[in-house]
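# Structural characterization, general
Okay, here's what each chain looks like letter by letter:
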Amino acid sequence: MQDADVPHSYEDLIRVIHDRYDGMSKSYQIIARYLTQNPNDVAVLSVTALAAKCDVHASSFVRFAQALGYKGFKELQVLFQRRLSTAAPGFDARVRALEAELGARADHSEIGFLRDLVVRDLTSLQDLLASIDGAQISRAVDLMEAAQTIYLLGQLRSAPVVDLLRYVLTMLGKRVVLLDPGGGLATHMARTMQPGDLLFAVSFRFYATEVVNIVEEVAARGVPIVAISDSTLSPLAKNAQVLFAVPEHEYTFSRSLAAPICLAQALTVALAARLQKTAGAPRIPIVTAT
C-alpha cells in the first residue's frame, strides 16, 4: 500500500477494514472485530493488553497494522487516540472511572457479581449514547412507521429484544409478526414478506445461522431491513438499510442486553411520538386493569 493510500483518519481506517475483512486471515478478522467494537480500549491499552483480550500474539497486531501500510501498531493507534480526544466532553473520563472501578475489585461474592454487572452495563449504555447517530434513529423510525407489517427476528440471546419489540409495537397498533423458530417455521414465514413490509432483525456473535440466512433471502427480495447487531462487520450489516452496531463489552458469563433493550425502547418511544401526535409524552396503552 502506498503512503497516500494509508488511512489517515479513524473513519478511513474503519472503511478500509470493512473493504478487506472478507479476505483477511482468521487472526486478522479477530483483530479487525476488536478494533471496530472497542475503539476506546484500542486508544488507551497497550498492544500486549489488547492481544491478551483477543487471545492472539502481540506481534499479530503489529503485522496487522503493517498490512494496512503503517510502520507499526502505535501509528495505527494514534487514529483511535485522536478519535477519543474529540469525543463528547467528559465521556472518556466517565468510562475510565467505571473501568477503574472494575479493575480495582476482585470481589466474587453475590453482591460483587451484581456490582460488576451494573458497572459494565453503565459503561455500555454510555457507549451507546456516544455512538448512535440521531439520523439512524430517524431513518429506522421512518421505515417502522411506513411498514405495512413489521416482522421481528431474533434467536438465542437476542430473543428478549424482539419479544419486547413485539409487545410494544403491538400495543402501538402496528401489525407485527414474530418469526418464531418453534416448529422450524421461521424461514417459511419469512417468505411471506412483501417489499412494503419491514424486517427488524437482532443478532450478536455467534450469529444464529437461520437469522443470517433469512436476512440474506429477505434482502434479495427487496424488503427493507433494520438490524441491531454487535459490529459493522456483522453478517447483517451489508443487507441492512439501518444498522445499529452495539458493541459487546467484556462479560465473563453472558452478554448483557441493557444497551440493545434501551435502544429498542428508544425506537419504539420515537415511533409512538409520531403515531400519537399528542402534545404530551408518548405512552403505551395499559393492558391490565388498575
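For every chain, the first residue of the written sequence is number 1, and numbering continues from 1 onward in sequence order. The model is predicted, so local features are restricted to residues of pLDDT at least 70 and side-chain atom pairs to those at 80 or more, both for listing and for counting; the totals for chains, interfaces and linings are taken over all residues. Each side-chain value is worked out from all heavy atoms of the structure, with water and hydrogens disregarded.

### Remarks on the packing of aromatic side chains
- Each Phe, Tyr or Trp ring (for Trp, its six-membered ring) is paired with any other whose centre lies within 6.5 Å, and the angle between the two planes then decides the class: stacked below 30 degrees, edge-to-face above 60, tilted in between. As enumerated under the stated definition, the model contains 3 aromatic pairs in all.
- When the ring of Phe-61 is compared with that of Phe-73, the centres are 5.4 Å apart and the planes differ by 90°; the resulting orientation is edge-to-face. Of this pair, Phe-61 sits in helix 5 (residues 58-67) while Phe-73 sits in helix 6 (residues 73-85); the two residues are 12 residues apart in sequence, bridging distant segments of the chain. Taken individually, Phe-61 and Phe-73 each receive the classification buried, so the pair is uniform in this respect.
- The ring of Tyr-10 has Arg-83 sitting right over it, with the charged end atom 5.2 Å from the ring centre. Numbering of helices and strands starts at the N terminus; helices are DSSP runs of H or I of at least 4 residues and strands are runs of E of at least 2. Partly exposed describes any residue whose relative accessible area lies between the buried limit of under 20% and the exposed limit of over 50%, with all areas from a 1.4 Å probe on protein chains only and scaled to the type maximum. Counted as over-ring charges are cases with an Arg CZ or a Lys NZ within 6 Å of the ring centre that also lie within 35 degrees of the ring normal.

### What to know about the pairing of strand 1 (residues 150-154)
- A large share of strand 1 lies buried, amounting to 5 of its 5 residues.
- Along strand 1, one buried face is formed by Ile-150, Leu-152 and Gly-154 and the opposite face, lined by Tyr-151 and Leu-153, is buried too.
- Direction of pairing for strand 1 relative to strand 2 (residues 176-178): parallel, over a ladder of 3 bridges. Bridging across to strand 2, Leu-152 finds its partner in Leu-178.
- Here a crossover is taken to be right-handed if, once the strands point away from the viewer, the path from the first strand over the helix to the second is traced clockwise. For the handedness criterion, the β-α-β arrangement of strand 1, helix 10 (residues 159-171) and strand 2 is classed as right-handed.
- Strand pairing follows a simple DSSP-based rule, namely that at least 2 bridges must link the two strands. Direction of pairing for strand 1 relative to strand 3 (residues 198-202): parallel, over a ladder of 5 bridges. Residue pairing for strand 3: Ile-150 is matched across the bridge by Leu-198.

Read these as layout, nothing more, since geometry by itself doesn't imply function.
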